[in-house]
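# Examining the three-dimensional arrangement
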Number of protein chains: 2
Amino acid sequence: MPEGLSGPFEPPYYVVVFTSRLTASPDGYGEAAARMLELARQQPGFLGIDSARVDGGVGITVSYWRDEESIAGWRNNAEHTATREHGRKHWYEGFVNHVARVERVYDFSRPDDGRAD
Amino acid sequence: MPEGLSGPFEPPYYVVVFTSRLTASPDGYGEAAARMLELARQQPGFLGIDSARVDGGVGITVSYWRDEESIAGWRNNAEHTATREHGRKHWYEGFVNHVARVERVYDFSRPDDGRAD
């Protein structure tokens, strides 16, 4: 497993690819995002998460799940549901949420000597 | 379609989720990434791409494709193949590449009056 990255996991598993752009003043967003991460990690079937954002631009959060049931469980979590509703009202200019079944995966880690050839 | 984000597209389609961490001095990476984007856009079946990176940390590039054949075509592109090999030698501490079939998607765009409720 490459250091600092999620996966690879054993296929099949699921990814939720959430891309978003924030409003100019998304008050409370950072704290809520940290809390959602803490909650997600406690969900059955949670495998991992990766997240990055361009300053003032697109943010991408990819979460990895064992199966569809895990995703449904997280979606139906009451605190998560309330936070999503708050987010639509206050934080997001727009978002797209793609749910996909991972069919294959490969990874690479640089050898310890720093050479990859 | 939310402004500044790729999708939503009509399922089924495919996502390639490429997460990576760069070496300390990835010389030529930025130029090569721009060139690969230009090339990918010309590929049959290319639908879109989103990309973000944490400074000094994880980078995520999500590309969207019509079908498996489109992904194979891009993978077999000669210039892309040469650039990937260069990347393993010089740019990446590690990466993970997840290929997944999108089964459903939803999106949100803030209404023009700025209120989402």
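As the structure is a prediction and not an experimental result, all values here were calculated from the model.

To continue, consider the side chain of serine 63 of chain B. All names here are of chain B. Tracing the backbone through its elements, the reader meets serine 63 in strand S3 (residues 59-65). Exposure remark for serine 63: the relative accessible area of 9% places this residue in the buried category. Not counting residues within four places of it along the chain, the set of residues in contact with serine 63 comprises Tyr14, Val15, Val16, Gly48 and Ile49.

Here we take up the pattern of salt bridges. Under the defined criterion, the tally for this structure stands at six salt bridges over all chains. Measuring nitrogen to oxygen at the nearest pair gives 3.4 Å for the salt bridge that ties glutamate 38 of chain A to arginine 35 of chain A. Here the residue glutamate 38 of chain A and the residue arginine 35 of chain A both occupy positions in helix H1 (residues 29-41), the gap between them amounting to three residues, near one helical turn. The exposure class assigned to glutamate 38 of chain A is partly exposed, which follows from its relative accessible area of 42%. Its relative accessible area of 30% is what places arginine 35 of chain A among the partly exposed residues. Between glutamate 68 of chain A and arginine 104 of chain B there is a salt bridge whose closest N-O contact spans 3.0 Å. One end of the pair, glutamate 68 of chain A, is in helix H2 (residues 68-75); the other, arginine 104 of chain B, is in strand S4 (residues 92-109), on a second chain.

Another aspect to go through is the sheet that holds strand S4 (residues 92-109) of chain A. One open sheet holds the eight strands; their spatial order is S2(A)-S3(A)-S1(A)-S4(A)-S4(B)-S1(B)-S3(B)-S2(B), and the pairing between them is antiparallel. Of all strands in the sheet, those with a lone pairing partner are strand S2 (46-53) of chain A together with strand S2 (46-53) of chain B, marking the two edges. In this sheet, adjacent strand axes meet at a mean angle of 25° when their direction is disregarded. Pairing of strand S1 (residues 13-22) of chain B with S3 of chain B involves seven bridges; the strand directions are antiparallel. Bridged to valine 17 of chain B within S3 of chain B is valine 62 of chain B. Here H1 of chain A sits on the sheet in contact with strand S1 (13-22), S2, strand S3 (59-65) and S4 of chain A, set at roughly 160° to S2 of chain A. The strands that helix H1 (residues 29-41) of chain B touches are S1, S2, S3 and S4 of chain B; relative to S2 of chain B, the one it contacts most, it runs at about 160°.

Let's shift gears to the interface of chain B and chain A. How big an interface is tends to be stated in terms of accessible area lost as the parts join. Listed by partner, the interface residues are 53 residues for chain B and 53 residues for chain A. Taken together, the two surfaces of chain B and chain A that pack against each other cover about 4200 Å², and 58% of this comes from carbon and sulfur. Seen at the junction of chain B and chain A, the total is two salt bridges. The tally of links from chain B across to chain A stands at 25 residue pairs in polar contact (both at pLDDT 80 or more). At the level of elements, S1, S2, S3, helix H2 (68-75), helix H3 (78-90) and S4 of chain B are the ones that each hand at least two residues to the side of chain B that touches chain A. Residues belonging to the side of chain B that touches chain A are distributed by class as follows: 25 nonpolar, 13 polar and 15 charged. Judged from the 15 bridges that link them, S4 of chain A and S4 of chain B form a sheet pairing that is antiparallel.

A word on the relation of the copies chain B and chain A. Least-squares fitting of chain B to chain A yields an RMSD of 0.0 Å, with the superposition described by an axial translation of 0.0 Å and a rotation of 180°. Such a combination of rotation and displacement between the chain copies is what one expects of a two-fold axis. By residue overlap, the copies meet face to face through one surface: 100% of the interface positions of chain B are interface positions in chain A.

All names here are of chain B. When S2 meets S3, the two strands line up antiparallel, connected through seven bridges. Bridge pairing in S3 places aspartate 50 opposite valine 62. Taking the residues that link successive antiparallel strands as the turn, the S2-S3 hairpin has five residues, and the phi of glycine 56 there is positive, at about 70°.

Given a relative accessible area of 38%, arginine 104 of chain B falls into the partly exposed group. Sequence separation between arginine 104 of chain B and aspartate 27 of chain B is 77 residues, and the spatial gap between their C-alpha atoms is 39 Å. With residues near it in sequence (within four places) discarded, arginine 104 of chain B still touches Glu68, Ile71, Asn97, His98 and Val99 of chain A together with Pro11 of chain B. A polar contact is formed between the side chain of arginine 104 of chain B and the side chain of glutamate 68 of chain A, at a distance of 3.0 Å.

Rules and cut-offs
- Residues numbered from 1 in each chain as written.
- Chains lettered and ligands numbered in written order.
- Predicted model: local features only at pLDDT ≥ 70, side-chain atom pairs only at ≥ 80, totals over all residues.
- Heavy atoms only, no water.
- Helix = DSSP H or I, 4+ residues; strand = E, 2+ residues; numbered from the N terminus.
- Buried < 20%, exposed > 50% of the residue type's maximum accessible area, 1.4 Å probe, protein only.
- Contact = heavy atoms within 4.5 Å.
- Salt bridge = Lys/Arg side-chain N within 4 Å of Asp/Glu carboxyl O.
- Pairing = 2+ DSSP bridges.
- Axes fitted to C-alpha atoms, helices over the stretch in contact; angles between N-to-C directions.
- Buried area = accessible area lost by both parts, 1.4 Å probe.
- Polar contact = N/O pair within 3.5 Å; in protein donor to acceptor, adjacent residues only side chain to side chain.
- Nonpolar A, V, L, I, M, F, W, Y, C, P; charged D, E, K, R; others polar.
- Least-squares fit on C-alpha atoms with pLDDT ≥ 70 in both.

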